[in-house]
Structures are given as structure tokens and as C-alpha cells.
Amino acid sequence: MATHDTAAPPTKEGGAAPGRPPADPTGAERRRARLSRRWQRDMRWSPYAFVSPFFLLFLAFGLFPLIYTGWASLHQVEMTAPTDMEWVGLHNYTRIFDDDFFWNAAKNTLTIGIISTVPQLLMAMGLAHILNYKLRGSTFYRVMMLAPYATSIAAASLVFVLLFGRDYGMINWALDFVGIDPVDWQSDKWPSQFAVSTIVIWRWTGYNALIYLAAMQAIPQDLYESAALDGASRWKQFLHVTLPSLRPTILFTVVVSTIGATQVFGEPLLFDANKGASGGSEHQFQTLGLYLYEQGWVNQHLGRASAIAWTMFLILIVVGIVNYVISRRLRASS
């Protein structure tokens, strides 16, 4: 039986046939190394590129104005000539603390903040507790609670001005219906501050209620089941399970509401019948924000207004420090 020779045919030179030509490793390795370096640079610098717009905008519209107002607060400078600065040191700050209008604005800010913040957070807690149960159309109610927050401050304030009108307002009509004399909501001190506070309450109650609702839904159901097995009613479950679990959230809303109350501006500005920054004919509801606006844009004292702005900034820093101390104690106690 014939056999076939399986040997490789000879080459032209008489040697064995060559195998597959070896690939050039240099080009492929260079490409892989280039792609690897590009990928490493992308992973390293892309996050900075993504967040850079925020920092650029913050530098332009946040940090630079903050530094400039701090520098202007140490000078006597008018809005009509912002480049003509005269060094006065801390004179603007000492002048503020000797100004009765500043302390009047500070007291008004404190009282309006208390009147608006305490009922607001209590109502928000109650609404969140109700919505925490399974209700029909709960999504509709949550959207409706956010509607005041999405409404323009100007539109809401003008509506409340009509409601609290002295002669034709609906509030005085309701009071007259039950035999109470009409109230001059814009001229008297306490009624005007109460009216301004109602605008703040109406606008921010739903927002805080949704924050409380989100925190309530994060509480484990095992805690409520254990409390129910021990015979606790719903009210006792709320006191001994819900409220202790919401302490960090309550602290957060208190701090944020305090900061917002310190910066109240649009509501009292538009509530004034004269639409000025004086906060009423006798400054009865002028807040620190209105006082800052009056000094800077009405009286055109840029240096004094800058000192007021930095004083408000220092007050907010104190609020933040108090929040940090309280939150640390709460974490330590829990």
C-alpha cells in the first residue's frame, strides 16, 4: 500500500516552508498603551470636568461677591461711585450696632421667624403623619402640597395682600361675620407680622411635610409592629417611635427654616402697601433683608449694606455651629 509523503515541500532555496509570519507586537502594544493612558486620564479628570461648571459659577457669583462685600464693608463707598472707596475699618459694623433701625429689624426677624417656623413645622409633621398611612390619591395630595412651594412669591404675596385688606379683605369679612371688628393688618405691628408669617407658613409647610414623610417611610416597620404588640396606641407609637426616629430630620428642618427666616425678604417687601423697603410706615415688619435692601439700594450706602450682609452671614455661621453641636449630642445619646 502506497504511503504519501507529508513532509513540507521544499522552498525555492531548498529549505523547509516557513510558518505564519510573526505579528508585529510593537504597534499593537503601543495602541493598547495609548488607550490605557487615555482611559486612565479620562477616569482621573472626567469627574473634575463634570463638577467644574458648578465651581466656576460659584467663584463668579458666590465667592467673588462674598469677598468683595467683605472688602467693601471696611470702606465708605456709595452705590453711585462703587470704585471710590475710603477706608474706615470697622466703623460700619460699630455704626450698625448703634443703629436702632438695625435692632428693630433684628427683633422683627426673630418674631416673624418664630411665628412662621413653629406652626409651620408642627403642621408639616401632622400632614406627614396623615400621609404616611395608605390613602387613596396620596400622590395627588403630595403634588398639591408642593404647589405653594412652586408658586411665585410675588403672586402669593399679592394674593395675601388682598386677603388681608383692611376694607375689602376676606379675612376682615370673616371676622366681621363673627362679630369681630376689622383689623388693620398692614399698619399695626403684631397683625402685620402675623400676616407676613402666614405667607411663609403657606409656602413652606408642604415642602417640610414631604421631608418628614420621606423620613417616616424610612423608619423600619418592625418598630411599629413591636410597639403594637406591646399594646401601644397610634398616638403612643407616634410619640415613642416616630418622633425619636425623626430627631435628625427635625433638627435639619429647624436649622433650614431658621436660615430661611433670617433671609425673609420678598414677603414683607410685597406686603407693604407702599411697596417700599421700610417694612410699613413705622418699620413694624421690616426684616434684616429689607433693612439691607434699604441701605444698599434705596439709601445707596454700599459699605453699610455690605456690613449688614456680613453680619447676617456671621449669624448664619452661629446657627450652623449650634446645629453641629446639637447633632453631635444627638448622635452620642443615640
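Refer to the preceding data block for the structure.
Residues numbered from 1 in each chain as written. Predicted model: local features only at pLDDT ≥ 70, side-chain atom pairs only at ≥ 80, totals over all residues. Heavy atoms only, no water.

A.B. asks: Could you give an account of the overall build of the protein, with specific residues and numbers?
C.D. replies: Counting its regular elements, the protein contains 13 helices and two strands. In terms of C-alpha radius of gyration, the protein reaches 34 Å, well past the compact-globule figure of 20 Å for 334 residues. With the C-alpha coordinates of the protein rotated into their principal frame, the extents come out at 130 × 70 × 45 Å. Across the 334 residues of the protein, 33% fall into the buried class. (Helix = DSSP H or I, 4+ residues; strand = E, 2+ residues; numbered from the N terminus. Rg over C-alpha atoms; globule rule 2.2 N^0.38 Å. Buried < 20%, exposed > 50% of the residue type's maximum accessible area, 1.4 Å probe, protein only.)

A.B. asks: Tell me about the nonpolar core, and please be specific about residues and values.
C.D. replies: With 17 residues, the main nonpolar core has Met-125, Ala-128, Tyr-212, Met-216, Ile-219, Val-241 and Leu-246 as its most contacted residues. Put simply, the parts of the chain that give this core at least two residues each are α3 (100–131), α7 (189–217), α8 (221–229) and α9 (234–245). Discounting chain neighbours no more than four positions away, the residues touching Met-125 are Tyr-212, Met-216, Phe-238, Leu-243, Leu-246 and Ile-250. Counting twelve residues, the second-largest nonpolar core is a separate cluster that includes Ile-112, Val-161, Phe-164 and Ala-195. (Core = buried A, V, L, I, M, F, W, Y, C linked by side-chain atoms within 4.5 Å. Contact = heavy atoms within 4.5 Å.)

A.B. asks: Talk me through the pattern of salt bridges; I want residue IDs and the actual numbers.
C.D. replies: In total, this model carries two salt bridges according to the counting rule given. Notably, a salt bridge pairs Asp-167 with Arg-166, separated by 3.4 Å at the nearest N-O pair. Of the charged contacts in the structure, one is a salt bridge between Arg-166 and Asp-184, with a shortest N-O distance of 3.9 Å. Here Asp-184 lies in the loop between α6 (170–177) and α7 and Arg-166 lies in the loop between α5 (153–163) and α6, a separation of 18 residues in the sequence. If you follow the salt bridges from partner to partner, you end up with Arg-166, Asp-167 and Asp-184 in one network. (Salt bridge = Lys/Arg side-chain N within 4 Å of Asp/Glu carboxyl O.)

A.B. asks: Give me the side chain of Gln-295: which residues, what numbers.
C.D. replies: Of note, Gln-295 is situated in helix α12 (residues 288–298). The contacts of Gln-295, once residues within four sequence positions are left out, are Gln-300, His-301, Arg-304, Ala-305 and Ile-308.

A.B. asks: Outline α3, supporting the account with residue identities and numerical values.
C.D. replies: Three or four residues apart is the spacing at which side chains of an α-helix point the same way, because the helix has 3.6 residues per turn. The terminal C-alpha atoms of α3, which comprises 32 residues, lie 46 Å apart, in line with the 46 Å expected from a rise of 1.5 Å per residue. Put simply, Asp-99 is the residue that caps the front of α3, since its side-chain oxygen is 3.1 Å from the backbone nitrogen of Phe-101. (Expected span 1.5 Å × (residues − 1). Polar contact = N/O pair within 3.5 Å; in protein donor to acceptor, adjacent residues only side chain to side chain.)

A.B. asks: Quick one: what's the story with the packing of aromatic side chains, residue by residue and with numbers?
C.D. replies: According to the stated counting rule, one finds 23 aromatic pairs in the structure shown. Where Phe-54 meets Phe-55, the ring centres are 5.2 Å apart and the plane angle is 75°; that geometry is what we call edge-to-face. The exposed category is assigned to Phe-54, whose relative accessible area is 54%. With centroids separated by 5.3 Å and ring planes inclined at 75°, the aromatic side chains of Trp-310 and Phe-313 adopt a geometry described as edge-to-face. A residue pair is termed a helical-turn pair when its members lie 3 or 4 positions apart in one helix, as Trp-310 and Phe-313 do in helix α13 (residues 302–333) at three residues. For Trp-310, a relative accessible area of 22% puts it in the partly exposed group. Take Phe-313: its relative accessible area is 31%, and that puts it in the partly exposed class. (Phe/Tyr/Trp six-rings, centres within 6.5 Å; stacked < 30°, edge-to-face > 60°.)

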